[in-house]
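One-letter residues, chain by chain:
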Amino acid sequence: AATTTSPSPGIFILSSTGNLIGGTNVADRNVISANAGAGVFIQNGGGNAVLGNYIGVTALGTIALGNGNNGISIYTASQNNIGSASARNVIAGNAGSGIYLQAGSSSNVIQGNYIGTELTGAVAMPNAGDGITLQGSGNNLIGGTNNGSGNVISGNAKAGISFFGEAPDNIVQGNRVGTPASGFTALGN
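To keep things clear, this report deals only with the structure shown in the data block. Note that the structure is a prediction, hence the values are computed from the model and not measured. (Residues numbered from 1 in each chain as written. Predicted model: local features only at pLDDT ≥ 70, side-chain atom pairs only at ≥ 80, totals over all residues. Heavy atoms only, no water.)

1. Structural notes on the overall build of the protein
Item 1. Counting secondary structure elements, the protein contains zero helices and 18 strands.
Item 2. A principal-axis box enclosing the C-alpha atoms of the protein has dimensions of 40 × 35 × 30 Å.
Item 3. Taking the intrachain contacts of the protein between residues at least 6 apart in sequence as the baseline, contacts between residues at least 24 apart amount to 79%.
Item 4. Accessible surface, the protein: about 7400 Å² in total, of which carbon and sulfur atoms supply 51%.
Item 5. Counting 4 positive and 5 negative side-chain charges, the protein places the centres of these two groups 11 Å from one another. (Helix = DSSP H or I, 4+ residues; strand = E, 2+ residues; numbered from the N terminus. Contact = heavy atoms within 4.5 Å. Areas by Shrake-Rupley, 256 points an atom, 1.4 Å probe, with all protein chains shown as cover. Lys, Arg positive; Asp, Glu negative; His and termini not counted. Charge placed at Lys NZ, Arg CZ, Asp CG, Glu CD.)

2. As for the nonpolar core
Item 1. Membership of the largest hydrophobic core comes to 21 residues, with the highest contact counts inside it found for Val 50, Ile 72, Ile 99 and Ile 132.
Item 2. Of all the secondary-structure elements, those providing two or more residues to this core are strand 4 (40-43), strand 7 (72-75), strand 10 (99-102) and strand 13 (132-135).
Item 3. Not counting residues up to four positions away in its chain, the partners in contact with Ile 99 are Ile 72, Ile 82, Ile 91, Ile 110, Ile 115, Gly 131, Ile 132 and Thr 133.
Item 4. Formed by five residues, the second largest nonpolar core is a distinct cluster that contains Tyr 54, Val 90, Ala 92 and Met 125. (Core = buried A, V, L, I, M, F, W, Y, C linked by side-chain atoms within 4.5 Å. Buried < 20%, exposed > 50% of the residue type's maximum accessible area, 1.4 Å probe, protein only.)

3. A closer look at the sheet that holds strand 13
Item 1. Spatially, six strands are ordered 1-4-7-10-13-16 in an open sheet, and the strand pairing comes out parallel. One side of each edge strand has no neighbouring strand; the edge strands of this open sheet are strand 1 (11-14) and strand 16 (161-164). The sheet shows a mean angle of 5 degrees between the axes of neighbouring strands, direction not considered.
Item 2. Pairing of strand 10 with strand 13, which is carried by four bridges, proceeds in the parallel orientation. Residue pairing across strands places Leu 101 opposite Leu 134, the latter belonging to strand 13. (Pairing = 2+ DSSP bridges. Axes fitted to C-alpha atoms, helices over the stretch in contact; angles between N-to-C directions.)

4. Remarks on the pairing of strand 10
Item 1. Burial of the side chains of strand 10 extends over both faces: Ile 99 and Leu 101 are buried on one face and Tyr 100 and Gln 102 on the other.
Item 2. Inspection of the sheet shows strand 7 paired to strand 10 by four bridges, in the parallel sense. The partner of Tyr 75 across the bridge, within strand 10, is Gln 102.

5. Considerations on the sheet that holds strand 15 (residues 152-153)
Item 1. Read across the sheet, six strands follow the order 3-6-9-12-15-18 without closing on themselves; strand pairing throughout is parallel. Lying at the two open borders of the sheet, with one neighbouring strand each, are strand 3 (31-32) and strand 18 (176-177).
Item 2. Here strand 3 pairs with strand 6 (residues 54-55) via two bridges, running parallel. When the bridges of strand 6 are listed, Ile 32 appears paired with Ile 55.

Shown next, in the form of structure tokens:
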């Protein structure tokens, strides 16, 4: 799990709001890989968006190039958007969880991402931890009911989604957990 002492994240947002990492166009994409710590670490910041990036994979999105901790760590940070129906992140191959929310991180929205697969959502590229871990974090939305808002959370070394340590009132809807993007075969965590 990432903490405030996590070494050398690729992108570190500390007590800052309204930042955009990536975007909705292919040209906006960042490749955030091979860092000693988390790919993206957001601490005490809200209203940030991480959209359309490759986190823990190469620029082609087909080979793992993992970060040394979680793909994305969110620590005491709220109202951040991780992915969207039109700008998915590929978060795979990392040494921790794909996304790790901890210590009171709430009202974050995680949508449209491929977590634990390569860019097609069909081939496993495991994160070494869970696809998504929520520790002491509540009132977050994972997926949703709108077209494209569900995440593909498959192929990870541990659980697809893990809740522990007072993680109440989270909503999980419309995701594919343990299947590829097509949803027709197994691609288990």
